[in-house]
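# Descriptive analysis of the structure
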Amino acid sequence: MKNNASLTLRKRIFQQTTLALLVVLSGCLPFELGKAVSLPDGSTPVNPGMAGSGPLAESVDERVLSYLEKHQLPGIGVGLIKEGAVVFSAGYGWADLEEEAPLMAHTPVLLSSVSKTFIGVAAMQAVEVGRLSLDDSLSDLAGFSVDNPNVAGERITLRHAVTHNTGIEDTAVYDDNYAPGDPVIPLGTFVAGYVTEGSLYWNPRNFADRPPGAAFSYSNVGAALGAFAIAKSADRAFRDLVAEDILQPLGMNDSAYFLTDVPRTPAVPYHPTGGGTYRPWPHYGYPTYPDGMLRASTDDMARYLAAVDGGGALGETRILSTQSVDTMLTIDPDAGSDENGQAVAWSVRVMQGRELFGHNGGDYGSSTEIWLDREARVGVVVLLNVEIRDWPALFQLQADLLDLAESAS
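What you are looking at is a predicted structure, and each value in this text was computed from that prediction instead of being measured. (Residues numbered from 1 in each chain as written. Predicted model: local features only at pLDDT ≥ 70, side-chain atom pairs only at ≥ 80, totals over all residues. Heavy atoms only, no water.)

## Description of the overall build of the chain
Scanning the chain from N- to C-terminus turns up 12 helices and 17 strands. Taken over the C-alpha trace, the chain has a radius of gyration of 20 Å; the compact-globule value for 409 residues is 22 Å, and the two agree within 12%. If you line up the chain on its principal axes, its C-alpha atoms span 60 × 50 × 40 Å. Here the chain holds 409 residues, and 60% of them are scored as buried. Carbon and sulfur atoms make up 49% of the accessible area of the chain, which amounts to about 15,200 Å² in all. (Helix = DSSP H or I, 4+ residues; strand = E, 2+ residues; numbered from the N terminus. Rg over C-alpha atoms; globule rule 2.2 N^0.38 Å. Buried < 20%, exposed > 50% of the residue type's maximum accessible area, 1.4 Å probe, protein only. Areas by Shrake-Rupley, 256 points an atom, 1.4 Å probe, with all protein chains shown as cover.)

Laid out in structure tokens, this is it:
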């Protein structure tokens, strides 16, 4: 989740090694991999989406197909935006290898931690209408005590949650609640229990031995707690708030957190087993769904990124004010980062001379990235339905695609 390439590579090696170990020890997980299946013979399918044709499409196709074929990957969705508009989108390869179903630009793909950017947008929407401030206490917003037992007199805020500074740590309690299908444990029940001593979800290691704001430490549970607090201020479930205030206004009709809400079958999440063969994970969920469980199509994510680049508006539809977007995408100098800076739920990456705002994601059967160059006003979406092993190659593909978008007429 950095670039600073050496730091990125070290963290990704650790993450993918951990995933591989969990696969070996799959008896420790509440779900198992399916049987191995090979990539279909023949050419890789290309399925254009809502935008893109001519020289730009030809150049993108050439680079993406070369990348897929070199790394023998199942599928990828690619979207490009420029100056607040979608200029290209397409799906490549396969959403389901066994059924030989192609990955379309409208196929939902598990976003993993790219989902966290929606927490940032939802937070700024709440600030705009006066429901809350980023510096409000999480305890006040959530309606239960969010207290670090290792620190006396601390005050944990929403800002701490959206910049990974709460001091809340992801432990085995978090990992153990992945399960097939949609989550059955409510978000509020889990996050309240995670921070409440004596609860089923309590563990002394759930909090670090330091005050909030003392050090950046990436926390899925902390981010999900922030999402719960935002939704509580609106008296709505977070998934409903995002659907009503972001997805529906932007026409993101193929995107949802829960499987029961997704109108199309999502791409199968795959684990690589070598030699062009893959084993499928089941579609899964977990209680802290805002931190990574949004399933969205390439077309939809391109629209979303174009709206952010457009100062909060896509065409005549506005989801944020320009001032709110600027606030959301301002680096917090006190927050620290595991990349090159941290804003309000959005990360900052410096890649080949570009300062990019966005996020990446990696989970069982998912490798995703969205990045926006605010100066050049170009952005890229890449959504893969597989755990990848060569992240530097994906970084290079994105750099090439950003160059293509910038040079497009």
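## Focus on the side chain of Glu169
Mapping Glu169 onto the fold places it in the loop between helix H5 (158-162) and helix H6 (172-175). Polar contacts involving the side chain of Glu169 include one to the side chain of Arg210, which spans 3.0 Å. In terms of polar contacts, Glu169 uses its side chain to reach the side chain of Ser217, at 3.2 Å. Ignoring sequence-local partners within four residues, the contact set of Glu169 consists of Tyr194, Arg205, Asn206, Phe207, Ala208, Arg210, Ser217 and Ser219. (Polar contact = N/O pair within 3.5 Å; in protein donor to acceptor, adjacent residues only side chain to side chain. Contact = heavy atoms within 4.5 Å.)

## Let's talk about the packing of helix H3 (residues 116-128) against helix H8 (residues 220-234)
In contact at an axis separation of 10 Å, H3 and H8 are set at 35° when each is read in the N-to-C sense. H8 is crossed by H3, and the crossing has left-handed handedness. Residues Lys116, Ile119, Ala122, Ala123 and Ala126 of H3 touch H8, and the partners they reach there are Asn220, Ala223, Ala227, Ile230 and Ser233. Broken down by class, the residue content of the contact of H3 with H8 amounts to seven nonpolar, two polar and one charged. (Axes fitted to C-alpha atoms, helices over the stretch in contact; angles between N-to-C directions. Left-handed = near helix turned anticlockwise from the far one by under 90°. Nonpolar A, V, L, I, M, F, W, Y, C, P; charged D, E, K, R; others polar.)

## Considerations on the packing of aromatic side chains
Both the distance between ring centres and the angle between the ring planes are used here to describe each pair of aromatic rings. Considering all chains together, one arrives at 20 aromatic pairs under this definition. Members of the aromatic cluster, connected to one another through ring pairs, are Phe31, Tyr174, Tyr178, Trp281, Tyr284, Tyr286 and Tyr364. (Phe/Tyr/Trp six-rings, centres within 6.5 Å; stacked < 30°, edge-to-face > 60°.)

## What to know about the confidence of the model for the chain
The predicted coordinates of low-pLDDT regions are not to be read in fine detail. Across the chain, pLDDT averages 93, with 93% of residues at or above 70. The model gives residues 1-27 a pLDDT under 50, and that stretch makes 46 contacts with residues more than four places away or in other chains. (pLDDT = per-residue confidence, 0-100.)

## Description of helix H10 (residues 298-309)
Compared with an ideal rise of 1.5 Å per residue, which puts 12 residues at 16 Å, H10 spans 16 Å between its outermost C-alpha atoms and is within 8% of the ideal. Of all 12 residues in H10, 11 are buried, a share of seventy percent or more. Of all the positions in H10, only Thr298, Asp299, Asp300, Met301, Ala302, Tyr304, Leu305, Ala306, Ala307, Val308 and Asp309 are classed as buried. With a side-chain oxygen positioned 3.0 Å from the backbone nitrogen of Asp300, the residue opening H10 is Ser297. (Expected span 1.5 Å × (residues − 1).)

## A closer look at the pattern of salt bridges
Applying the stated criterion to the full structure yields 14 salt bridges. One salt bridge in this structure joins Arg377 and Asp309, with 3.2 Å as the shortest N-O distance. One end of the pair, Arg377, is in the loop between strand E16 (366-373) and strand E17 (378-384); the other, Asp309, is in helix H10, and 68 residues separate them in sequence. For Asp309, a relative accessible area of 9% corresponds to the buried category. Look at the salt bridges and you will find they share partners, linking Arg354, Asp373, Asp403 and Glu406 into a network. (Salt bridge = Lys/Arg side-chain N within 4 Å of Asp/Glu carboxyl O.)

## Here's the deal with the sheet that holds strand E1 (residues 37-38)
One open sheet accounts for three strands, arranged E1-E9-E8; its pairing is antiparallel. The sheet is open, and its two borders are formed by E1 and strand E8 (270-274), each paired with just one other strand. When E1 meets strand E9 (residues 277-280), the two strands line up antiparallel, connected through two bridges. Bridge pairing links Ser38 to Thr277 in E9. (Pairing = 2+ DSSP bridges.)

## Topic: the nonpolar core
Counting residues in hydrophobic clusters, the biggest one holds 94 residues, and the most contacted among them are Phe118, Phe238, Met301, Tyr304 and Trp346. The dominant element in this core, judged by the number of residues it contributes, is H8, at 10 residues. For Phe238, the residues in contact, after removing those within four places along its chain, are Phe118, Ile119, Ala122, Leu187, Ala227, Ala231, Tyr257, Tyr289 and Pro290. One finds Leu68, Ile76, Leu97 and Val268 within the second-largest nonpolar core, a separate group that totals 40 residues. (Core = buried A, V, L, I, M, F, W, Y, C linked by side-chain atoms within 4.5 Å.)

## Notes on the side chain of Thr368
When you line up the elements, Thr368 lands in strand E16. On the basis of relative accessibility, which here comes to 0%, the residue Thr368 falls in the buried class. Here the side chain of Thr368 touches Leu111 through a polar contact of 2.6 Å, landing on its backbone oxygen. Setting aside residues up to four positions removed in sequence, Thr368 forms contacts with Leu110, Leu111, Ser112, Val114, His359, Asn360, Gly361, Val382, Leu383, Leu384 and Trp391.

## Some points on the pairing of E17
Of all seven residues that make up E17, seven are buried, and the element is covered over most of its length. The two faces of E17 match: Val378, Val380, Val382 and Leu384 on one face and Gly379, Val381 and Leu383 on the other face are all buried. Of the pairings in the sheet, the one linking strand E3 (residues 75-82) to E17 comprises seven bridges and is antiparallel in character. What sits directly across from Ile81, in E17, is Gly379. Note that E16 and E17 share seven bridges and pair antiparallel. Following the sheet pairing, Thr368 is matched in E17 by Leu383. Joining the antiparallel neighbours E16 and E17 is a turn of four residues, in which Arg377 adopts a positive phi near 60°.

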